[in-house]
Amino acid sequence: MDLVNLTVNGQKIAVPRGTMAIEAVKAAGFDVAHFCYHPKLKPVGMCRMCLAEVGTPRLGPDRKPVLNEDGTPQIGMMPQPQATCTLPVSEGMVILTNTDAVKKMVAGMVEFFLANHPLDCPVCDKGGECPLQDQTMAFGPGQSRVGEVFGGDVRLQQGIWEAKRHWEKPKPLSELIALDRERCIQCGRCVRFTQEISLDNALTFIYRGAQSEIDTLTDPPVDSKFSGNTIDICPVGALTSRVFRFTARVWEVKPTHTVCTQCGCGCNITINTRLDKVLRILPRDNDRINECWICDRGRFNSQFINSAARLTKPLIKRNGTFEAVEWDEALAFVAKTLTQIKDAHGGNAIGGLASGKCTVEDNYVFQKLLREVLGSDNVDYRPHGKIKHRLRRVPDFYEQVENADVILLVGADPLEELPILDLRIKKCIAQRNGTLITVNPRRILLDQHATISLVHQPHTATAVITALSAAVNGSTIEGLGATGVAEDLLKDAAQRLAQSQRLVVLYGEESNDELVAALHHLAASRDRQEAVFGLCRHDGNALGALWAGAMPKNGGLDVDGMMRAAAHGSLKALYIMGQNPVNSYPDGQLVKEALDKVEFLVVHDLFLTETAQHADVVLPAASYAEKDGTVLNVAGVAQRLKQALPPVGESSEDWKIITALAYFMGHHWGYKSCADILRELERHHAGTSARWNVGTLERWNVETCQPADTEAETYPFILLTGAQLYDGSVSLRHSERLSHLVEAPFVELHRDDAQRLGIARGAEVEVTSPRGALRLRAKVGRKVLPGTVFVPEHQPGAPVNTILDPTRQVQRVRLSAGRGDG
Amino acid sequence: MSLSDEARQKIQEIAARYPRRISATIPALYVAQAEYGGWLPKEAMVEVAEELDVPPSHVFGVATFYTLFYKEPVGKHVVQLCTNLACMLCGAETLQQHLERKFNIKINGSIRDGTTADGTFTVLPVECLAACGGAPCMIVDTEYYENLTIEKVDKILTQIATQPTVFFKP
């Protein structure tokens, strides 16, 4: 590495060329006062706090250093103090940060900041973790010559020193963030975050001079899925969380370092609790995963953990109503009934749905219960069978994404599915000059930053990728007509792919085998096969569940098979851990039939979900904040969950429930902690490939069910579904402070279609399929192609799975404006 | 109310003159301000952002930074009266007091205080019009008037009151 030698306060240090002086000073072990500088943001030199006296070797007329008598180079000090955050280091530089002059300058700057900043630390939420407070104590003067210290002097109150700037406070910037303009020191960290990191430009400076303030013009206010990060990076108490503010002083909370499992990103977080209540969630620095950011869902969706609606006791359904019972009674009842069914119909009459929401340990003991105790191989963790995950560990996944020169994104919307991955892709584009090529059946927000967006007709992604491969290889492009992708765009994309040195391919988890094969073929033609990643969006620990073996082997039924068998009557009992198939299974009709038909249904969940309501026994489980365990993120990186608070009421960790149940059925496993289970699982995998055979699963039988032509007349629109970050999931339903972010159920259609059908923006539309109808609000735009409509999954009160028919590859619907005319 | 097709067309023409569309923000805002009767509500800023395909927050920042974009409804004609040193020495203060009495307004920088009851004029103080050689001076809409006296100001304003607003100077 190209190193530069310099001296900081007399201490010699070598740092890479291009390093800013502030980092060199920190590396030498000295404190630098600063507000606007942030390691993840571009330096701007706005706050003038990081001042230092700086000198460089003096050069003679021969461009060689002038030497002192003792042979050391003569240093020419710069005439003014320098802001070290914007000053790149150079060879032989001398930086002085602890001279009297520097101390006086920094103290003067602090005095200026405090000229307008209110001294309301005792009632400020930031108090105790406030850089301004800390730096005033460390570097500031004890007294100020401006502002309200002169408050008693009448003359001064009328003159220009009239007290401080006063604003109405606080001003809500959004439902989640409050702005105190008096405290704002205009360092611009929050504005720069939205301009450089989240690229959504949600915040800006308005007005100027003493009137400057931060504001937003987006609708809804601060339209960003990462807005909470501005609270963290605000170096004063100007931006505070409306969810957390005034609930506790920060030194009273108990921090627990754990991992967020709300999506597959695997963000490192700190959960702050007090008296066993979750107060707030903060990101924890990990440059290999989330850097220092988290999304708003991960940050603010915490109220559900302490929700009053949580299940606190086991429930047994008697005569159609649930009765709270003791654990012993519930477990004995479940053990007895499952044994009876096993004895009468054999183990394969029992099925189990594990879950990517639970830990590796939970899933391991779950499949062990099914396989060892109940003698059934029917176990699956996936919400439905279209999902394909491949287990692989890529510790530098996010770095690969960041440093890619071309990213090919196929059939996925990271902003809604894996928000932190979305930030890394944006970093690749904005800071590493990367190229993004998207291939999606509709436009996504990330397309704003994409170099090329190939928006194709539904179900033609494979044809697009095949054509891309052909173009990369220079052979003739075929089959592009049906995809609706323009050939020149495709050729442009192919050229960029052909020239790329560090290609990363990302595809959605519902991509079918042909598409994945085509992507590997495309990447292989470039010698970069290892850079093809499947994403998993549904659950935070999907890969962990796969690793734990919660998948059918030896001819066991997968989730689709179990649903069909249950509806058919051959599956007598279903054991569901942490899943809500009534909402999440694509065939809403089948799942209801299945749950009604099974003789015995056991559900583990936090809440009495739609699925739990069908159950015979509901066992109260613990949330991710209430348990230890291991989770695998989207890149297969294993991380530890740590218990931040004990499970509420009598609820319990899933692995404990299952271990106890096994004990009731005569199997004494003797696990004392998660570590015992993990050791056993690792022994189990030792010597073998940790991959479970996933390739042999039964696929949706698509060939036999192509839509007939007559259908296209009755149902002219193709229905696309997809994920939404703020959906109608159970945890969001029980976090009131986030409820405003969950949109009213909508259908998105193209402007031209809307005009033709006379559907206005925001009007009520009936979306009808052969299976049923939903009433939804119309969103009109250009994100979807004409002839297609988009309905997100899990919308509150309007589950799209009630109108889906997964036996068909192409979902068709018709639209009618207004109320229920069919 | 929203931008007319002609205004949108005009913004597109302006944007085409620059290598980057974001550079057209200020001229596009002038078009929108004329369209909205001399001031810029937030909807206008959003429309300009949509038309230029730039972030709304950027347009918001620019429109609020510059004082010649008005964020509140103004009178039919905007009078900018210089109250800086040179003009003050040459009698701007007398003109200010005269106009305040004549129209029963306050010339303190607030649009609401500086607008006449009939909505014909909004009088705002400005720091320097860069016409100190002709002090005291003022701008009405887009036209400069120099070497003012009370009589001259009265005459100019009486004449202009009935004339249409000039948003652009050709």
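Criteria and cut-off values
Residues numbered from 1 in each chain as written. Chains lettered and ligands numbered in written order. Predicted model: local features only at pLDDT ≥ 70, side-chain atom pairs only at ≥ 80, totals over all residues. Heavy atoms only, no water. Domains from an automatic or database assignment. Contact = heavy atoms within 4.5 Å. Buried area = accessible area lost by both parts, 1.4 Å probe. Helix = DSSP H or I, 4+ residues; strand = E, 2+ residues; numbered from the N terminus. Nonpolar A, V, L, I, M, F, W, Y, C, P; charged D, E, K, R; others polar. Buried < 20%, exposed > 50% of the residue type's maximum accessible area, 1.4 Å probe, protein only. Pairing = 2+ DSSP bridges. Phe/Tyr/Trp six-rings, centres within 6.5 Å; stacked < 30°, edge-to-face > 60°. Lys NZ or Arg CZ within 6 Å of the ring centre and 35° of its normal.

> Talk me through the domain arrangement of chain A; I want residue IDs and the actual numbers.
Residues and elements named next belong to chain A. The assigned domain composition of chain A is domain 1 (3-98), domain 2 (150-305), domain 3 (315-388 + 552-629 + 645-687), domain 4 (397-534) and domain 5 (708-817). One C-alpha centre belongs to domain 4, the other to domain 5; they are set 26 Å apart. Counting residues at the interface gives 14 residues for domain 4, matched by 14 residues for domain 5. In total, domain 4 and domain 5 occlude about 1,200 Å² of area from one another, counting both sides; carbon and sulfur atoms represent 61% of this. Contact with domain 5 buries surface across domain 4, with Glu-416, Arg-442 and His-459 losing the most and accounting together for 45% of the total. Looking at which element gives the most residues to the side of domain 4 that touches domain 5, the answer is helix α11 (residues 414-417), with three residues. Considered class by class, the residues forming the side of domain 4 that touches domain 5 number six nonpolar, three polar and five charged.

> Tell me about the pairing of strand β1 (residues 77-82) of chain B, and please be specific about residues and values.
If a strand is regular, its side chains alternate between the two faces of the sheet. All names here are of chain B. In terms of burial, β1 is largely enclosed, as six of its six residues are buried. Burial along β1 is two-sided: His-77, Val-79 and Leu-81 facing one way and Val-78, Gln-80 and Cys-82 facing the other are all buried. With six bridges joining them, β1 and strand β2 (residues 121-126) adopt parallel strand pairing. Pairing of Leu-81 across the sheet is with Pro-125, part of β2. Here three bridges tie β1 to strand β3 (residues 138-140), and the two strands are oriented antiparallel to one another. Bridging from a neighbouring strand, Gln-80 pairs with Ile-139 of β3.

> An account of the packing of aromatic side chains is needed here, citing residue identities and associated values.
All chains considered together, the criterion is met by 10 aromatic pairs over all chains. Here Phe-333 of chain A and Phe-600 of chain A contribute two aromatic rings whose centre-to-centre distance is 5.8 Å and whose plane-to-plane angle is 85°, an arrangement assigned as edge-to-face. With a gap of 267 residues between them, Phe-333 of chain A in helix α8 (residues 327-345) and Phe-600 of chain A in strand β25 (residues 600-605) connect regions that are remote in the sequence. Phe-600 of chain A sits in the buried class, given a relative accessible area of 2%. Centre to centre, the rings of Trp-669 of chain A and Tyr-671 of chain A are 5.9 Å apart; their planes meet at 50°, and the pair counts as tilted. Summarising the burial analysis for this pair, Trp-669 of chain A and Tyr-671 of chain A share the class buried. Feature note: the residues Phe-397, Tyr-398 and Phe-533 of chain A constitute an aromatic cluster, connected by ring pairs. If you follow Arg-208 of chain A out to its NZ or CZ, it ends over the ring of Phe-65 of chain B, 5.0 Å from the centre. The ring of Phe-790 of chain A has Arg-442 of chain A lying over it, and the distance from NZ or CZ to the ring centre is 3.5 Å.

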